[in-house]
Amino acid sequence: MSGTTAAGPGNTRTTAGPWRRPDGPRRDRADGPWRNWAGNVVSRPAREVSPASAGELAEAVRRAARDGLRVKTVGTGHSFTAIAATDGVLIRPGLLTGIRRIDRAAMTVTVEAGTPLKRLNVALAREGLSLANMGDIMEQTVAGAVSTGTHGTGRDSASIAAQIRELELVTGTGELLTCSEKEHPEVFAAARIGLGALGVITAITFAVEPLFLLTAREEPMGFERVVSEFDALHAENEHFEFYWFPHTDNCVTKRNNRSAGPAAPLGRVGGWIEDELLSNGLFQVACSLGKAVPPAVPSIARLSSRALSARTYTDIPYKVFTSPRRVRFLEMEYALPRETAVGALRELKAMIERSPLKVGFPVEVRTAPADDIALSTASGRDTVYIAVHLYRGTPHRAYFTAVERIMTAYAGRPHWGKVHTRDAAYLAAAYPRFAEFAALRDRLDPDRLFANDHLRRVLGD
């Protein structure tokens, strides 16, 4: 990779790379309101800053404290909640990008917090490396993705945050703190999914492994077959997920497993037809039509669910795990104990069938193994994720309220970056280590420099 240099013992390389942005202007005044990707959250910061180093970021935090302003950091705005909204100082990490170093002996990569996942994935692949698992989109910055618990699906491999080996962050007192399993382990246990409440992340060290191949098998399957075979499908595949189309009995399943090769990627034309024309272009048209004419949604769903055919391909991980998502939507996702998956899905399907709701977006189902992160949605338990979506601009409250009622009855934990109505009282009962996180917050941000209305709701004062 261009820009890499040897750095002594351990095969450690430091990397600036051709995609690391040079120093640029640091804005001290907001250009206008900030909106998230979905457009459902708007805030008006007093000023915006774009620090180009951890030192500059620490100084921006200290200056905000002196001026009596709260601080939030925002990446690409892919969270559906107001977790990054502020009327104080908005930190944009666009100048904090690039790989700091690759350590082949430890099999780690240290990357600046504002680096987009898509650039990290490409850069790692060029170095013959990869993350073990990832979510289904890669537009987010690495810090934004881990802070809200972004995950993919996996029988044995967990969320992106679970792949962290070291974190560097600026605390509410302006201190630059490095934490790992050996250094400040109590901070490491919580800050990997810190919700932006413990500090501003400046760099992350991830575990990596030699680049490998995945074979993806995508196949239509009936709802009853999927749920009756769910445990077996989960056990037999390294990565299993499926989409169910409401108002139909149709699902699309995806099984990803490691392969010895050879690579057999999607053809350019076939891949474009499936991933761009059908999954984005025509789906956008279908969503727009359904929004304009709600009674047509069930018919549209039946057509949409039959449009995607079976296919098998083998490629490097990020080209299998991730897909383009150009149709904008709102999303709610809950993490449930994995053993409750089938009951919750049957109840969700029955609720939609007996209601007047018209749901044009498929329901997404994924899994994760238990992990040891304090506020991870998979903390301490094997997990199934059930996500519901609606096209942006479609009234969502009735559907999401009905879904949330089901999910909370199964001890569900809401995704930290997606729409939900839970508060600190509910979440304290849902997370055995909630008090541990709260105590650490008191220590690292005693003056609540990183607070906003959303964090006060989910974490309390």
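Okay, so let's go over this structure. Only a predicted model underlies this, so the values are computations on that prediction, with no experimental measurement involved. (Residues numbered from 1 in each chain as written. Predicted model: local features only at pLDDT ≥ 70, side-chain atom pairs only at ≥ 80, totals over all residues. Heavy atoms only, no water.)

## A look at the sheet that holds strand β18 (residues 311–315)
Definition in use: One bridge is not enough; two strands pair if DSSP finds at least two bridges between them. Only runs of H or I of at least four residues qualify as helices and only runs of E of at least two qualify as strands under DSSP, and these elements are numbered from the N terminus.
Spatial strand order, β18-β15-β17-β16-β20-β21-β19-β22: eight strands in an open sheet with antiparallel pairing. The strands lining the two open edges of the sheet, one partner per strand, are β18 and β22 (413–414). Looking at chain direction, strand β20 (residues 363–368) and strand β21 (residues 383–391) are connected through five bridges and run antiparallel. Residue pairing across strands places A368 opposite T383, the latter belonging to β21.

## Focus on unusual backbone geometry
The condition that has to hold: Each residue gets one of three labels from its accessible area relative to the maximum for its type: buried under 20%, exposed over 50%, partly exposed in between, using a 1.4 Å probe on protein chains only.
The amide bond that connects G261 to the next residue, P262, takes the cis arrangement and shows omega of 5 degrees. Topologically, P262 is positioned in the loop between β17 (250–259) and α7 (268–292). Non-glycine residue L195 carries a positive phi angle of around 60 degrees. Relative to the elements of secondary structure, L195 occurs in the loop between α4 (185–191) and β13 (200–207). Of the residues examined, L195 reaches a relative accessible area of 2% and is grouped as buried. Despite not being glycine, A411 has its phi angle at roughly 60 degrees, a positive value.

## Describing empty space enclosed by the protein
Put simply, the test is: The method works on a 1 Å grid over the protein atoms by themselves. A cavity is a set of points holding a 1.4 Å probe that cannot get out, a pocket is an open set with protein on both sides within 12 Å along at least five of seven lines, and residues with an atom within 4 Å of a point line them. Grid points are joined across faces, edges and corners, and a volume is the space filled by probe spheres set on the points. Residue polarity follows a fixed list, in which Ala, Val, Leu, Ile, Met, Phe, Trp, Tyr, Cys and Pro are nonpolar, Asp, Glu, Lys and Arg are charged, and the others, Gly among them, are polar.
All chains considered together, the criterion is met by two cavities of 30 Å³ or more. Taken as a whole, the largest cavity holds about 50 Å³ of empty space. Lining the largest cavity we find N121, L124, A125, L129, S130, L131, M134, L211, I316, P317 and Y318. When contributions to the lining of the largest cavity are tallied by element, the ones reaching two or more residues are α2 (117–126), β10 (129–130) and α9 (317–321). A per-element tally of the lining of the largest cavity places α2 first, with three residues. Taken together, the residues of the lining of the largest cavity break down into nine nonpolar, two polar and no charged. Taken as a whole, the second largest cavity encloses approximately 40 Å³ of empty space.

## Notes on the nonpolar core
Let me state the cut-off plainly: Side-chain atoms within 4.5 Å link the members of a nonpolar core, which is a set of buried Ala, Val, Leu, Ile, Met, Phe, Trp, Tyr and Cys residues. Residue contacts are defined here by distance: any two heavy atoms, one from each residue, within 4.5 Å place the two residues in contact.
Within the largest apolar cluster, 63 residues are counted, with the highest numbers of intra-cluster contacts made by I204, F206 and L459. Counting residues per element, this core draws most heavily on α2, which supplies five residues. Here F206 is in contact with M107, T108, V109, V111, L120, L131, V142, V146, I160, Q163, I164 and R165, once residues within four sequence places are set aside.

## Notes on the packing of helix α10 (residues 341–354) against helix α11 (residues 397–409)
Our working rule: Axis lines are fitted through C-alpha atoms, for helices just across the contact stretch, and the angle between N-to-C directions can take any value from 0 to 180 degrees. In what follows, roughly perpendicular refers to angles from 65 to 115 degrees, roughly parallel to angles under 35, roughly antiparallel to angles over 145, and oblique to any angle outside these ranges. When the near helix sits turned anticlockwise from the far one by under a right angle, the crossing is termed left-handed; a clockwise turn instead gives a right-handed crossing.
Contact pair α10 / α11: the axes reach a minimum separation of 10 Å and the direction vectors enclose 150 degrees. Relative to α11, α10 is oriented roughly antiparallel. Here α10 and α11 pass one another in a crossing that is right-handed. Contact with α10, carried on its side by A344, E347, L348, M351 and I352, involves Y399, A402, V403 and I406 of α11 and no other residues of that element. When grouped by side-chain class, the residues that make up the contact of α10 with α11 number eight nonpolar, no polar and one charged.

## Details of the state of the cysteines
Going by this rule: The criterion for a disulfide is a pair of cysteine sulfur atoms lying within 2.5 Å.
Applying the stated criterion across every chain, the model contains zero disulfides. Of all cysteine sulfurs in the structure, the one in C251 sits closest to C287, which takes part in no disulfide; the separation is 18 Å. Exposure remark for C287: the relative accessible area of 7% places this residue in the buried category.

## Details of α2
For α2, the complete set of buried residues consists of L117, L120, N121, A123, L124 and A125. As for α2, its buried residues are in contact with β8 (99–103), β9 (108–112), β10, α3 (142–147), β13 and α9. G128 sits one or two residues past α2 and shows a positive phi near 75 degrees.

## Brief notes about the layout of surface pockets
In this model, the second largest pocket occupies a volume close to 330 Å³. As for the second largest pocket, its lining consists of 21 residues, and the residues nearest its centre are G290, V297, K358, L390 and T394. Listed by contribution, the elements that provide at least two residues to the lining of the second largest pocket are α7, α8 (297–307), β21 and α11. Tallied by class, the residues present in the lining of the second largest pocket amount to 14 nonpolar, five polar and two charged.

## Quick notes on the environment of H420
The following threshold applies: Pairing of N or O atoms within 3.5 Å defines a polar contact, subject to two protein rules: one partner must be a possible hydrogen donor and the other a possible acceptor, and residues neighboring in sequence count only if both atoms are side-chain atoms.
Checked against the element boundaries, H420 lands in the loop between β22 and α12 (424–430). For H420 and F400, which are 20 residues apart along the polypeptide, the C-alpha to C-alpha distance reads 8.0 Å. What H420 contacts, discounting residues up to four positions off in sequence, is M332, Y334, E404, P414, H415, H454, R457 and V458. Within the structure, the side chain of H420 is placed 3.0 Å from the backbone nitrogen of R422, a separation counted as a polar contact.

## Here we look at the pattern of salt bridges
Spelled out, the test is: Think of a salt bridge as a Lys or Arg side-chain nitrogen and an Asp or Glu carboxyl oxygen that are within 4 Å of each other.
Taken as a whole and assessed by the stated rule, the structure comprises 32 salt bridges. Between E364 and R366 there is a salt bridge whose closest N-O contact spans 3.5 Å. Overall, E364 belongs to the buried group, its relative accessible area being 4%. Judged by its relative accessible area of 4%, R366 falls in the buried class. Shared partners join several salt bridges into a network, and the residues in it are E331, E333, E364, R366 and K418.

## Notes on the packing of aromatic side chains
This is how it is decided: Any pair of Phe, Tyr and Trp rings, taking the six-membered ring for Trp, is counted once the centres come within 6.5 Å. Such a pair is stacked with planes under 30 degrees apart, edge-to-face with planes over 60 apart, and tilted for the rest. A ring is considered to have a charge above it if a Lys NZ or an Arg CZ atom is located within 6 Å of its centre and within 35 degrees of its normal.
Counted according to the given criterion, the structure contains eleven aromatic pairs. Between W37 and F329, the ring centres sit 5.3 Å apart and the planes meet at 75 degrees, which makes this aromatic pair edge-to-face. Placement of W37 in the loop between β3 (34–35) and β4 (42–43) and of F329 in strand β19 (residues 329–337) is noted, with a sequence separation of 292 residues between them. Here W37 matches F329 in class, with each residue buried. A connected cluster of aromatic rings, assembled from ring pairs, spans W37, F80, F283, F329 and F361. Directly above the aromatic system of F212 lies the positively charged group of R258, at a separation of 3.6 Å from the ring centroid. In this structure, R422 packs its charged tip against the face of Y426, placed 5.1 Å from the ring centre.

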